[in-house]
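What follows is the residue order along each chain.
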Amino acid sequence: MNADRLARALSGWPPPVLDPAGPYSEPVTRLAWALLLGGFGVLAVVIAALAIAIWGGPALKRRLGGDRAIWIGGFAFPVIVLTALLIWGLTLTSRLSATDPIAGEMRVQVTGEMWWWRVAYLDESGRERIRDANELHIPVGRPVMIELASADVVHSFWIPRLGGKMDMIPGRTNRLRIQADAPGVYAGQCAEYCGGPHALMGFVVIAHTPADFVRWQAGRTAPARPPESAGRRLFEQRGCAACHTVGGTAANGLAGPDLSHIASRRSLGAGILPNDRPTLSRWIADSQALKPGNRMPAYRQLPADELRAITDYMGSLK
Amino acid sequence: MKGGWFLLLGGLIIWAAHFLALYVIGEALGLIGPARLAIVALTLIALAANILIVRSALRITLDTDFDRWRRSTILTQAFLSAVAIVWQSLPALL
Amino acid sequence: MKSETGFDHALYDRFPTKEARPNGEVEELERIWCAPRGWQYLTVVNNNYVGVYYLGTAFLFFLLAGALALLMRVQLAAPLLEILPQGTYNQVFTMHGTVMMFLFAVPAVEAAGVLLLPQMLAARDLPFPRLSAYAFWAYAVGGLCFFASLFIGLAPDGGWFMYPPLTSKAYSPGINTDFWLLGIGFIEISAIAGAIEIIVGVLRTRAPNMSLDRMPIFAWAMLVFAGMIIIAFPSVILATLLLEIERAFNWPFFDATRGGDPVLWQHLFWFFGHPEVYIIFLPAAGMLSMIVASVSRAELVGYRLIVLAMLATGFISFGVWAHHMFAIGMPPMSNGFFSAASMAVSVPAGIQVFSWIATIAVGRRSFSTPALFVIGSLLVFVTGGLTGVMVAMVPFDWQAHDSYFIVAHLHYVLIGGMVFPLFAAFYYWIPMVSKRALSERLGRWIFALMFIGMNIAFMPMHLAGLMGMPRRVYTYLPDRGWDLPNLISTFGAFVLAAGVLLFVIDLIRNFRPAPAEGNAGNVYGGGTLEWLPSALYSTRSIPVIHSREPLWDQPGICDDVAAGRYFLPRSATGKRETIVTSPLLAEPQYLQIMPGPSVWPFAAAIFTAGFFLALTVQAYVFGVASGVFATLATLRWLWETDRPVKEKSVDIGAGIRVPTYVTGPSSHGWWAMIVLIVVMGMIFLMAIFSLLYLMGNQRDYWVEPPDVADGVAVYALHVTAIASAMLSRPVLGRSAAGAALLLGAAVVSTGWASWTDWGGWRAILAPQDSGQAATVHALLALHAALVAIGLLMAGFVGAKAAAGALARPRSNTVDLAALFISYAALQGFAGSLIARLAG
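Fair warning: this is a prediction, and the values are worked out from it, not measured in the lab.

**A short note on the overall build of chain B**
Okay, step 1: Looking only at helices and strands, one finds four helices and zero strands in chain B.
Okay, step 2: What you see in chain B, going N to C, is helices and strands ordered as α-α-α-α.
Okay, step 3: By principal-axis analysis of the C-alpha atoms, chain B measures approximately 50 × 20 × 15 Å.
Okay, step 4: When burial is assessed residue by residue, chain B has 49% of its 94 residues classed as buried.
Okay, step 5: Charge-centre separation for chain B: the mean point of 7 positive side chains lies 9 Å from the mean point of 4 negative side chains.

**Remarks on the interface of chain C and chain B**
Okay, step 1: At the interface, 37 residues of chain C touch 34 residues of chain B.
Okay, step 2: Summed over both sides, the interface of chain C with chain B buries roughly 3100 Å², with 81% coming from carbon and sulfur.
Okay, step 3: Across the chain C-chain B interface, the total number found is one salt bridge.
Okay, step 4: Note that aspartate 65 of chain B and arginine 214 of chain C form a salt bridge whose closest N and O atoms lie 3.9 Å from each other.

**Re the sheet that holds strand E4 (residues 135–139) of chain A**
Residues and elements named next belong to chain A.
Okay, step 1: Spatially, E4-E10-E9 is the arrangement adopted by the three strands of the open sheet, whose pairing is mixed. Taken across any chain shown, the strands that pair with only one partner, and hence form the sheet edges, are E4 and strand E9 (184–189). The mean angle between the axes of side-by-side strands here comes to 20°, regardless of whether they run parallel or antiparallel.
Okay, step 2: The pairing of E4 with strand E10 (residues 202–208) spans five bridges and is classified as parallel.

**Section: the environment of arginine 436 of chain C**
Residue and element names in this part refer to chain C.
Okay, step 1: In this fold, arginine 436 is placed in the loop between helix H13 (404–433) and helix H14 (440–466).
Okay, step 2: For arginine 436, a relative accessible area of 40% translates into the label partly exposed.
Okay, step 3: Along the primary structure arginine 436 and asparagine 519 are separated by 83 residues, whereas in three dimensions their C-alpha atoms are 6.8 Å apart.
Okay, step 4: Those residues in contact with arginine 436, other than ones at most four positions away along the chain, are Ile430, Arg509, Asn510, Arg512 and Ala520.

**Some points on the side chain of aspartate 19 of chain A**
Residue and element names in this part refer to chain A.
Okay, step 1: By secondary structure assignment, the location of aspartate 19 is in the loop between helix H1 (2–10) and helix H2 (26–55).
Okay, step 2: Accessibility expressed as a relative area gives 19% for aspartate 19, which makes it buried.
Okay, step 3: The residues contacting aspartate 19, other than those within four sequence positions of it, are Pro14 and Arg161.

**Quick notes on helix H4 (residues 67–96) of chain A**
Okay, step 1: With 30 residues, H4 of chain A extends 41 Å between its outermost C-alpha atoms, agreeing within 8% with the 44 Å of an ideal straight helix rising 1.5 Å per residue.
Okay, step 2: For H4 of chain A, the principal kink sits at proline 78 of chain A and spans about 30°.

**Let's talk about the packing of aromatic side chains**
Okay, step 1: With the rule as written, the count across this model stands at 84 aromatic pairs over all chains.
Okay, step 2: On the numbers, 5.2 Å between centres and 65° between planes, the contact of phenylalanine 157 of chain A with phenylalanine 203 of chain A is edge-to-face. Of the two residues, phenylalanine 157 of chain A sits in strand E6 (residues 155–157) while phenylalanine 203 of chain A sits in strand E10, which places them 46 residues apart along the sequence. Each of the two residues, phenylalanine 157 of chain A as well as phenylalanine 203 of chain A, counts as buried.
Okay, step 3: Taking the centre distance of 4.7 Å and the plane angle of 65° together, the rings of phenylalanine 423 of chain C and phenylalanine 503 of chain C count as edge-to-face. With a gap of 80 residues between them, phenylalanine 423 of chain C in helix H13 and phenylalanine 503 of chain C in helix H15 (residues 483–510) connect regions that are remote in the sequence. The same class applies to phenylalanine 423 of chain C and to phenylalanine 503 of chain C, which are both buried.

**A short note on the packing of helix H3 (residues 47–75) of chain C against helix H4 (residues 86–121) of chain C**
All names here are of chain C.
Okay, step 1: Running from N to C, H3 and H4 cross one another at 155°; their axes reach a closest spacing of 8 Å. One element, H3, and the other, H4, form an angle in the roughly antiparallel class. Note on packing geometry: the crossing formed by H3 with H4 is left-handed.
Okay, step 2: Here the residues of the contact of H3 with H4 sort into 26 nonpolar, seven polar and one charged.

**Focus: the UniProt feature "transmembrane region" (unreviewed entry) in chain B**
Okay, step 1: Mapped onto this structure's residue numbering, the UniProt feature "transmembrane region" (unreviewed entry) falls at residues 5–25, 31–53 and 74–93 of chain B.
Okay, step 2: Within the segment residues 74–93 of chain B, helix and strand shares are 100% and 0% respectively, and the terminal C-alpha atoms sit 28 Å apart.

**What about helix H8 (residues 262–295) of chain C?**
All names here are of chain C.
Okay, step 1: For H8, which comprises 34 residues, the first-to-last C-alpha distance of 49 Å matches the rise-based estimate of 50 Å (1.5 Å per residue) to within 8%.
Okay, step 2: Counting buried positions over the 34 residues of H8 gives 34, a clear majority of the element.
Okay, step 3: The distance from a side-chain oxygen at the start of H8 to the backbone nitrogen of valine 263 is 2.9 Å, and the residue carrying that oxygen is aspartate 261.
Okay, step 4: Of the residues trailing H8, arginine 297 is marked for its positive phi of about 50°.

**Observations regarding the interface of chain A and chain C**
Okay, step 1: The interface of chain A with chain C comprises 79 residues on the first partner and 80 residues on the second.
Okay, step 2: Summing both sides of the interface, chain A and chain C together bury roughly 6600 Å²; the carbon and sulfur share of this comes to 72%.
Okay, step 3: The largest per-residue losses of area from chain A upon contact with chain C belong to Ile70, Lys165 and Tyr193 of chain A, which jointly make up 11% of the total buried on that side.
Okay, step 4: Here chain A is connected to chain C by 17 residue pairs in polar contact (both at pLDDT 80 or more).
Okay, step 5: When residues in the side of chain A that touches chain C are grouped by element, the largest group, 17 residues, is from H4 of chain A.
Okay, step 6: Its residues placed into classes, the side of chain A that touches chain C shows 50 nonpolar, 22 polar and seven charged.

**Regarding the packing of H8 of chain C against helix H10 (residues 332–362) of chain C**
Each pair of packed helices gets described by two things: the angle between the helix axes and the distance between those axes.
Residue and element names in this part refer to chain C.
Okay, step 1: Remark: H8 packs on H10, axes separated minimally by 10 Å, with the N-to-C direction vectors making an angle of 15°. With respect to their mutual orientation, H8 and H10 come out roughly parallel. With respect to the hand of their crossing, H8 and H10 are arranged in left-handed fashion. On H10, the residues touching Tyr278, Phe281, Leu282, Ala285, Leu288, Ser289, Val292 and Ala293 of H8 are Val345, Gln352, Trp356, Thr359 and Ile360.

**Side note on the sheet that holds strand E3 (residues 128–133) of chain A**
Residue and element names in this part refer to chain A.
Okay, step 1: Across the sheet, which stays open at both edges, the five strands sit in the order E3-E2-E1-E5-E8 with mixed pairing between neighbours. Edge positions in the sheet fall to E3 and strand E8 (174–178), since each has one partner strand and no second. If you compare each strand with its neighbour and ignore which way they point, the axes differ by 25° on average.

**Notes on the pattern of salt bridges**
Okay, step 1: Scanning the model with the defined rule gives 31 salt bridges over all chains in all.
Okay, step 2: Glutamate 105 of chain A is the partner of arginine 177 of chain A in a salt bridge, and the nearest nitrogen-oxygen pair spans 2.8 Å. With arginine 177 of chain A in strand E8 and glutamate 105 of chain A in the loop between H4 and strand E1 (106–113), this pair connects stretches of sequence that are 72 residues apart. Here arginine 177 of chain A matches glutamate 105 of chain A in class, with each residue buried.
Okay, step 3: With a closest N to O distance of 3.6 Å, arginine 31 of chain C and glutamate 28 of chain C form a salt bridge. Of the two residues, arginine 31 of chain C and glutamate 28 of chain C are both situated in helix H1 (residues 25–32); the distance of three residues between them amounts to about one turn of the helix.
Okay, step 4: Each of the salt bridges in this network shares a partner with another, and the network as a whole consists of Asp132, Arg220 and Arg265 of chain A.

**Some details on the environment of valine 50 of chain C**
Residue and element names in this part refer to chain C.
Okay, step 1: Residue placement: valine 50 occurs in helix H3.
Okay, step 2: In this structure valine 50 comes out as buried when scored by relative accessible area, which is 1%.
Okay, step 3: Distance from valine 50 to aspartate 13, taken between C-alpha atoms, is 36 Å for residues 37 residues apart in sequence.
Okay, step 4: For valine 50, the residues in contact, after removing those within four places along its chain, are Val44, Val45, Val114, Ser132, Ala133 and Phe136.

Calculation notes
Residues numbered from 1 in each chain as written. Chains lettered and ligands numbered in written order. Predicted model: local features only at pLDDT ≥ 70, side-chain atom pairs only at ≥ 80, totals over all residues. Heavy atoms only, no water. Helix = DSSP H or I, 4+ residues; strand = E, 2+ residues; numbered from the N terminus. Buried < 20%, exposed > 50% of the residue type's maximum accessible area, 1.4 Å probe, protein only. Lys, Arg positive; Asp, Glu negative; His and termini not counted. Charge placed at Lys NZ, Arg CZ, Asp CG, Glu CD. Contact = heavy atoms within 4.5 Å. Buried area = accessible area lost by both parts, 1.4 Å probe. Salt bridge = Lys/Arg side-chain N within 4 Å of Asp/Glu carboxyl O. Pairing = 2+ DSSP bridges. Axes fitted to C-alpha atoms, helices over the stretch in contact; angles between N-to-C directions. Expected span 1.5 Å × (residues − 1). Bend = angle between axes of the 7 residues up to and from the residue. Phe/Tyr/Trp six-rings, centres within 6.5 Å; stacked < 30°, edge-to-face > 60°. Parallel < 35°, antiparallel > 145°, perpendicular 65-115°, else oblique. Left-handed = near helix turned anticlockwise from the far one by under 90°. Nonpolar A, V, L, I, M, F, W, Y, C, P; charged D, E, K, R; others polar. UniProt positions renumbered as here; feature names shortened; annotations may be inferred. Polar contact = N/O pair within 3.5 Å; in protein donor to acceptor, adjacent residues only side chain to side chain.

Below, the structure is given as structure tokens:
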């Protein structure tokens, strides 16, 4: 069922920009429709004017062929329409970009990295409570303030169905508020070119019902106790632990995504691949084939049994 | 040819000065009370300056095609400039 | 009758003259303006040749960048294709954008100006022919080498707007980025050289009585275009300079970890980058306005409004740069502020569109190829303009920004606003420079393929953007619904390419260069002066004009011009020459003696390109040698200029006498220097902006600057320099050596001032320390560069004085050196004061 929902989220139809799912995207969609339809209308008027200019009768042509027509069509009409649009746009802009805290909103920090996302759930005082990567769990109906930062180059955070995009710029923290009104999976992607595999830097937001969300949160805050296994030992011996953290174990690398709950993620490779066993195994053995240029080296020399053990271990980290 | 280029480009020069002043205020002060007030004042000054431009344009004697062209350019430009100046101030007023 | 310069307009009534011209005048003109032979094709400076070379090279880059686009479309035809590897794709899309913007669009319209303006204004050539030749060769050689970086896998890969820190040394350690930064360097120089040429040409070399209100609309467009270049390009010149310094010497202008700011780059880049779009569009709109009037056989409706629209665009487009940055997290008021300006800039575009429609309405219906391209560009441009209004709305832009919606929008604007007009212009003006006109029959096919292909290629991209597809992706995943729109786009791209290919075939079949006589002539019945009978010397005589379309309104003008019944029916001094007129009313002021062909501009251009390329590949010895040779070649080229002829004044027709040598504020050289000073002043202003921007945004890294009062000695030395430089002008009458010495003293004084200033700064910070330290040092370095140039100038004046080659009592060489050095000192003064105040 999860795979279905992920597939639907990724399907691109209906166009996510025109299929809003929250109060921070819905008014923009209304604006988009007005602009699209208005744009078509104006284009139709211009085409009609051009057709009259070419094929029209002499009386119509005379009306069109003077300074007066230019003043009306080229000046008065645009000024009136644009003034109205400007007022609409300005009020909507300040409403959507208000950053004063709202009572009861959630705080999350998302940091863009080449080419994945570091996610930290914060408490009211800004302390990190849960650490995760490449997906964001939120409760429906509750605003979420995302603090956007960058660890390296400029990235841009974009979940089209939940809101507009906001850049992640080194040295700055930008704030973007989103909210989902229905449970589901919402896809996103890095929008600012960030080199190499920028094309494959996706992201997933999962909106839960409030009850589900509480359950999810409880699961994540409970201390993790992964069982001893061959895979776990290999994970720590073969170098994986230098970059990755697995909660409750000696693996505490910080360069790559936190893998404490990798098995429960919707996707692999930063929102681009389904998280199933074959894909997981291929990723561990040769992530460069799946996402060329990413920072994780390929482990093609890993013996098959070791690969299987590590994959088993990863698969157990729910 | 009194005023030459400055009169000929008057409306747009006023727009540019107004734009620059508002940009500096916005960057330096942000959206606080005094900034709004300053923006309103600057906008009124810019519009008044445009009226002065219009007045000098109306004084041009129309002897040649060039005079007529110059006057019409200055007048329409002042008009266009006034619209753009009002738009420019909207973000601070709304 | 009012007069601008005291010239009596009643004198115009003497033309066309009645008496017969003596024999041999035309032969002498032909001898003086003779066609090149063999190797001389490399050293020509005549705009008839340089213009064609220039346009041809720009079109070559259009084809090359277009081929890159096809490669990209093949890679994106289906998800997860592996035709272009990721790294290659990233280089290809970067080069596509860069080449289209810097090596095709700007040079193409500049080339059109070089080719058309002298004919349209009935000047014998542009005022600085050697500068045009230099600009062309620097661009052609440098551009081709830059493009070749693609074949060795060293092409830049940071996107055409090169945002740091992705392009900083830390994330782009290779020399790919340096290729971009230095490669763009000489193209900027070439664009500025061309802009100086065009401004002075349009304002000072018009046909007598072509007052501003009678100027062809294309000349207006080029004037605004060139004015915008000198305001906009300095910003990107500074930006590329700073980023290159950051990469080479580790000065952290854009490094947020050391008090720099990556957003500063975005401001500097887009302050150039957005006006750039209008820099490309305006000349093309000027062409459209000319063509639409000619093919409709009607006067352009709303000429005054169009001129106003162009002027307004020229101004307002400088207020919209940050609309490319709506998603960087600016406060809502700033976003709204740039949104408002973006609305305002669309009004002039609307005025132009309705003027064209009005002209079509009053005119005769025509479906000739230029007419079709006019109609096509109108439709495509309006579509792009409407999506432009959409993305000017901040909340919508948050969704559309950096998605394929933007890719669609910008291609509609640029293809409708520049490419289609250029093709209309090819069909319309090629008969002026070719023995045969292009084929009307093929032309219709070409138009149909390009118009349909363009819409098939780019219309679906709007949808892809709304479906969430970000731009600059080398591939995409299946099951996202992006497959179909992308496949359609790829198909459309090939239809568009087929149209372009057909055009190349048309060119091969029909384009037979005829820079002098024997061209196909006025096929579409245009009314402006470029359709006068002409040869390499342009028109036999330079007409007095009384309307905007003299060929329609002044019967017999073609015959009278060819028979020499107007101004300057011969060479008055036996050299290349043209009439310099006043800027507003175009009253004849003096006769300019023009330089002829020379190998030195060519050599200077080759070495300039060599200098930049050698620096890129870190061949420093070769680079320095190239730089020295480029300087020597430039000095050698200048050595031959500014030589008064023995005739103090000459008869330029009907007994009207004008001087042959003029100095001071009415000379064309003075004007060019003022324009150059504006360019340098803009570079300086942008550097000051950088300093203040970092001060506002990186307070934590700021240190207390040296005390303002401690700089008194520095300020005094700068002011002394200004006084000394200006004094050299009156002193020249008494002693040439004295003038040279005063200039030298001025340079030493301002240089010493900066040295002292640096001492104060060095005590508290080193350039690698912080954004502030880097920017302060950049200000000092900019001034040091001016001092070095000033030193060359003073030396040059000294050498000319020693050789007795300075005109006296007044000399343009001394005037211009004095102006430049005074400016340098003024900038040094302002820079040292502001850096100390910024605390």
